[in-house]
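Summary of structural features
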Amino acid sequence: MGANESPLLLARHRLTVDSYYRMAEAGILPPGQRTELIDGEIIDMASIGSRHAAMVRRLGLLIDTAAAGRLEVRSQNPIRLGDHSEPEPDLLVVEWRNDFYAAAHPTPADTKLLIEVADSTLRYDIQIKLPLYARHGVFEVWVIDLEGGQLLRHRQPQGQGYVRVEVLTRPGVLVPDAAPELALDLSGLPLTL
């Protein structure tokens, strides 16, 4: 490129959540293919390994028991983040609704706690999804790092990140800030499997 030439700018077309659904309805996205929409781009999701599945199930049961019908626990279901993103976190704790969010997926306003379990996806969860959650105001996100044997607790979103970040190797009892009624005893939960 010469000194007087400007860089080539390519036109990009970001998908909306609505067009993403129309693509699935039209068969452009094969049924059962695991994808999520992140900032207008369709991203293939990693396959679910046995360690990952076991941790999601254990956490889901623990939270379900503690929530006791006061909050809803959703596993690997979408959260709507504006017009261009609909990721599928591993666990989402949301306000209880009698219709189970049949009219629309939950949003950050409904969300009390979001959890991602990472075995092979830690970089993606930290570098791509966490800033997305912060930008959209998801108040508290936990990332369970199965390789590192730690829980990364992120609270108080600001811009592209979180103001309060804790790295816990022995979490004990944790209470999500947005759900003080939900005391979760994680002391018996093995962070590595």
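Reading the values: rules and limits
- Sequence positions are assigned chain by chain, starting from 1 and proceeding in written order.
- With pLDDT at 70 or above as the cut-off, local features in this predicted model cover only qualifying residues; side-chain atom pairs require 80 or more to be listed or tallied, and sums for whole chains, interfaces and linings still use all residues.
- Side-chain metrics rest on all non-hydrogen atoms present in the structure, leaving aside hydrogens and water.
- For this document, the term salt bridge refers to a Lys or Arg side-chain nitrogen within 4 Å of an Asp or Glu carboxyl oxygen.
- Each helix corresponds to a stretch of at least 4 residues labelled H or I by DSSP, and each strand to a stretch of at least 2 residues labelled E; elements are numbered beginning at the N terminus.
- Burial classes follow relative accessibility: with a 1.4 Å probe on protein chains only, a residue under 20% of its type's maximum area counts as buried, one over 50% as exposed, and anything between as partly exposed.
- One requirement defines pairing of two strands: DSSP has to find at least two bridges between them.
- In this analysis an axis means a line fitted to C-alpha atoms, helices contributing only their contacting stretch, and an angle means the value between N-to-C directions, from 0 to 180 degrees.
- Two residues qualify as a contact provided that any one of their heavy atoms is within 4.5 Å of a heavy atom in the partner residue.
- Values of pLDDT, the confidence the predictor places in each residue, fall between 0 and 100.
- The length a helix should cover is 1.5 Å for every residue beyond the first.
- Working definition: the arc comes from the directions between the helix axis and the C-beta atoms, pointing outward to the latter.

1. Remarks on the pattern of salt bridges
A complete count under the given rule lists 14 salt bridges for this structure. Lys129 serves as the salt-bridge partner of Glu36, at 3.2 Å between the closest nitrogen and oxygen. Taken together, the positions of Glu36 in strand S1 (residues 35-38) and Lys129 in helix H3 (residues 122-135) put the pair 93 residues apart, joining distant regions of the chain. With respect to class, Glu36 is no different from Lys129; both count as buried. Between Asp39 and Arg135 there is a salt bridge, and its shortest N-O distance comes to 2.9 Å. Of the two residues, Asp39 sits in the loop between S1 and strand S2 (41-44) while Arg135 sits in helix H3, which places them 96 residues apart along the sequence. Its relative accessible area of 36% is what places Arg135 among the partly exposed residues. In this structure, a network of salt bridges that share partners links the residues Glu140, Arg153, Arg155, Arg164, Glu166 and Asp177.

2. Digging into the sheet that holds strand S6 (residues 140-145)
Spatially, S3-S4-S5-S6-S7-S8 is the arrangement adopted by the six strands of the open sheet, whose pairing is mixed. Looking along the sheet, the strands with just one partner apiece sit at the ends: strand S3 (71-75) and strand S8 (161-168). Direction aside, neighbouring strands of the sheet carry axes that sit 20 degrees apart on average. Summarising the sheet, strand S7 (residues 150-158) and S8 pair through seven bridges and their orientation is antiparallel. Across the sheet, Gln158 pairs through a bridge with Gly161, a residue of S8. In the packing of H3 onto the sheet, contacts are made with strand S5 (111-118), S6, S7 and S8, and the angle to S5 comes to roughly 165 degrees.

3. A closer look at the confidence of the model for the chain
When pLDDT is averaged across the chain, the result is 92; 96% of the residues are at 70 or more. For the chain, S2 is the element with the lowest average pLDDT, namely 92, and strand S4 (residues 91-95) is the one with the highest, namely 98.

4. Some points on helix H2 (residues 50-67)
Between the first and last C-alpha of H2 there are 25 Å, a value that for 18 residues agrees with the 26 Å anticipated at 1.5 Å per step. Turning to H2, its buried residues number three or more, namely His52, Met55, Val56, Leu59, Gly60, Ile63 and Ala67. All buried residues of H2 fall inside an arc of 130 degrees around its axis, so they share one side. What points out from H2, more than 90 degrees from its buried face, is the exposed set Ser50, Arg57 and Thr65. Those residues of H2 that are buried lie in contact with S3, S4, S5, S6 and strand S10 (184-185). Backbone geometry just downstream of H2 places Ala68 in the positive-phi region, at approximately 45 degrees.

5. Considering the side chain of Arg153
Residue position: Arg153 is located in strand S7. Residue classification places Arg153 among the buried residues on the basis of a relative accessible area of 5%. Discounting chain neighbours no more than four positions away, the residues touching Arg153 are Glu140, Val141, Trp142, Arg164, Val165, Glu166, Leu174, Val175, Pro176 and Asp177.

6. Observations regarding the environment of Ala11
Relative to the elements of secondary structure, Ala11 occurs in the segment before helix H1 (17-25). Residues Ala11 and Glu140 lie 129 residues apart in sequence; the distance between their C-alpha atoms is 35 Å.

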